[in-house]
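One-letter residues, chain by chain:
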Amino acid sequence: MAEVVWGLATSHVPSIGAAMDRGKTETPDWRGLFDGYAPAREWLAQHRPDVAVVVYNDHANGIDLDVVPTFAIGTAEHYAVADEGFGRRPVPDVVGDADLSLHLVESLVDEGFDLTVFQELEVDHGLTVPLSVWTPDPGDAWPCPVVPLLVNVIQYPQPTAARCYALGQALGRAIASYPVDAKVAVLGTGGMSHQLAGARAGLINPEFDAMFLEAIEKDPEKLARIPRADYIRDAGSEGIEMIMWLIMRGAMNERVEKVHSHYFVPASNTAAAIALFDNRAPQDA
Ligand code: DHB
Ligand code: FE
């Protein structure tokens, strides 16, 4: 049977990918962010999974804004990297795992999560930047196949945090029932606090972010109870991306062990963070 071995939460700011692609990670502006990734990257390099589920949102690059599914999954064998207007990032295309995708669709629909299915999908910075945060030098291929799990966080009404956490719990059960011996990683992407447009553009809320970083490890149910409007008020109109971390966390055990976390302001307009959790911690009896 498959098992979730680790969970990684990470921001997916496009300029993090651009800094890597252009060799700027050692500049004074960026060093503080990338130095903070190092301990997580070292641990991740020693704990390669067989497959990863990446929970992310498309930003009108792979999916037209006229049709935004609340929750969706990719079932393809292969996902091309989208050109977001500045040329395609010089990173590998993403290899899928159609068998796991189909198992997850079936299990999650049976549990009442009526996912939209993408048999074809181009993936944007929401998915590729987290893969770069994990694996700075992928060479010809990312470390393992990927199943994209998409969430609408860009158009009202976004799903509630509670619904995301419940989806994560169902995802954990679905992975556990996959009849293949596979080590599965789950990534929750986006955040932390940021707002890209409007009167509050540039909003950063370190107090909210610190509370969220602590609770995602120890008390995710508290975060699941926060209403949608409070996420937007406290973390910004794009900070609500953090609800995707709850899907990652829901797929993990009640007790997880934090391997490493790092918080850095600003990456572009965003409070950027990474938080890595080992899911093999002993559980209370
Ligand atoms: C930025 C952050 C995001 O999460 C995103 O999707 C796009 C841009 C930013 O801070 O520039
Ligand atoms: Fe985003």
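What counts, and where the lines are drawn
- Residues numbered from 1 in each chain as written.
- Chains lettered and ligands numbered in written order.
- Predicted model: local features only at pLDDT ≥ 70, side-chain atom pairs only at ≥ 80, totals over all residues.
- Heavy atoms only, no water.
- 1 Å grid on protein atoms, 1.4 Å probe; cavity = no way out; pocket = protein on both sides within 12 Å on 5 of 7 lines; lining within 4 Å.
- Points joined across faces, edges and corners; volume = space filled by probe spheres on them.
- Helix = DSSP H or I, 4+ residues; strand = E, 2+ residues; numbered from the N terminus.
- Nonpolar A, V, L, I, M, F, W, Y, C, P; charged D, E, K, R; others polar.
- Donors = N, O, S within 2.8 Å, 3.2 Å for Na, K, Ca; no water.
- Core = buried A, V, L, I, M, F, W, Y, C linked by side-chain atoms within 4.5 Å.
- Buried < 20%, exposed > 50% of the residue type's maximum accessible area, 1.4 Å probe, protein only.
- Contact = heavy atoms within 4.5 Å.
- Pairing = 2+ DSSP bridges.

Student: Before we move on, can you summarise the layout of surface pockets with the specific residues and values?
Tutor: Empty space within the largest pocket amounts to approximately 690 Å³. If one sorts the elements of the lining of the largest pocket by residue count, helix H1 (residues 14-21) sits on top with five residues. The computed volume of the second largest pocket comes to approximately 410 Å³. Together, 22 residues line the second largest pocket, and Tyr 165, Arg 249, Met 252, Asn 253 and Glu 254 are the ones closest to its centre. Those elements that place two or more of their residues in the lining of the second largest pocket are strand E1 (3-10), helix H5 (161-176), helix H6 (206-218), helix H7 (220-224) and helix H9 (243-250). In terms of residue count, H5 provides more of the lining of the second largest pocket than any other element does, six residues in total. The residue inventory of the lining of the second largest pocket, partitioned by class, reads nine nonpolar, four polar and nine charged.

Student: Outline the coordination of the iron ion (ligand 2), supporting the account with residue identities and numerical values.
Tutor: Around the iron ion (ligand 2), the protein contributes the donor atoms His 12 (NE2), His 59 (NE2) and Glu 241 (OE), at 2.0 to 2.3 Å from the metal centre. For the iron ion (ligand 2), the single-chain donor residues occur in sequence as H-x46-H-x181-E. Linking His 59 in the loop between strand E2 (51-56) and strand E3 (71-74) with Glu 241 in the loop between helix H8 (228-235) and H9, this pair joins segments that are 182 residues apart in sequence.

Student: Describe the nonpolar core, naming the residues involved and giving the relevant values.
Tutor: Leu 104, Leu 171, Ile 175, Phe 212, Tyr 231 and Ile 247 are the most contacted members of the largest nonpolar core, which has 56 residues in total. At eight residues, H5 tops the list of elements feeding residues into this core. Residues within four places of Tyr 231 in sequence aside, it is in contact with Ala 161, Phe 208, Phe 212, Leu 223, Ile 226, Gly 236, Ile 240, Ile 243 and Leu 246. In terms of nonpolar packing, the next biggest core, distinct from the first, is built from 43 residues, Ala 19, Ala 76, Val 94 and Leu 187 among them.

Student: Before we move on, could you go through the sheet that holds strand E5 (residues 94-95) and cite the residues and values that matter?
Tutor: If you trace the three strands from one edge of the open sheet to the other, you get E5-E4-E7, paired in mixed fashion. The open sheet has two edge strands with one neighbour each: E5 and strand E7 (122-123). Pairing of strand E4 (residues 78-81) with E7 involves two bridges; the strand directions are parallel. Residue pairing for E7: Val 81 is matched across the bridge by Val 123.

Student: Describe the pairing of E2, and please don't skip the residues or the numbers.
Tutor: The buried fraction of E2 amounts to six of the six residues, a majority that puts the element mostly inside the structure. Summarising the sheet, E2 and strand E9 (residues 183-189) pair through five bridges and their orientation is parallel. By the bridge assignment, Val 51 is partnered in E9 with Val 184. As defined by bridge partners, E2 adjoins strand E8 (residues 146-151) across five bridges and the pair is classed as parallel. Pairing of Val 55 across the sheet is with Leu 149, part of E8.

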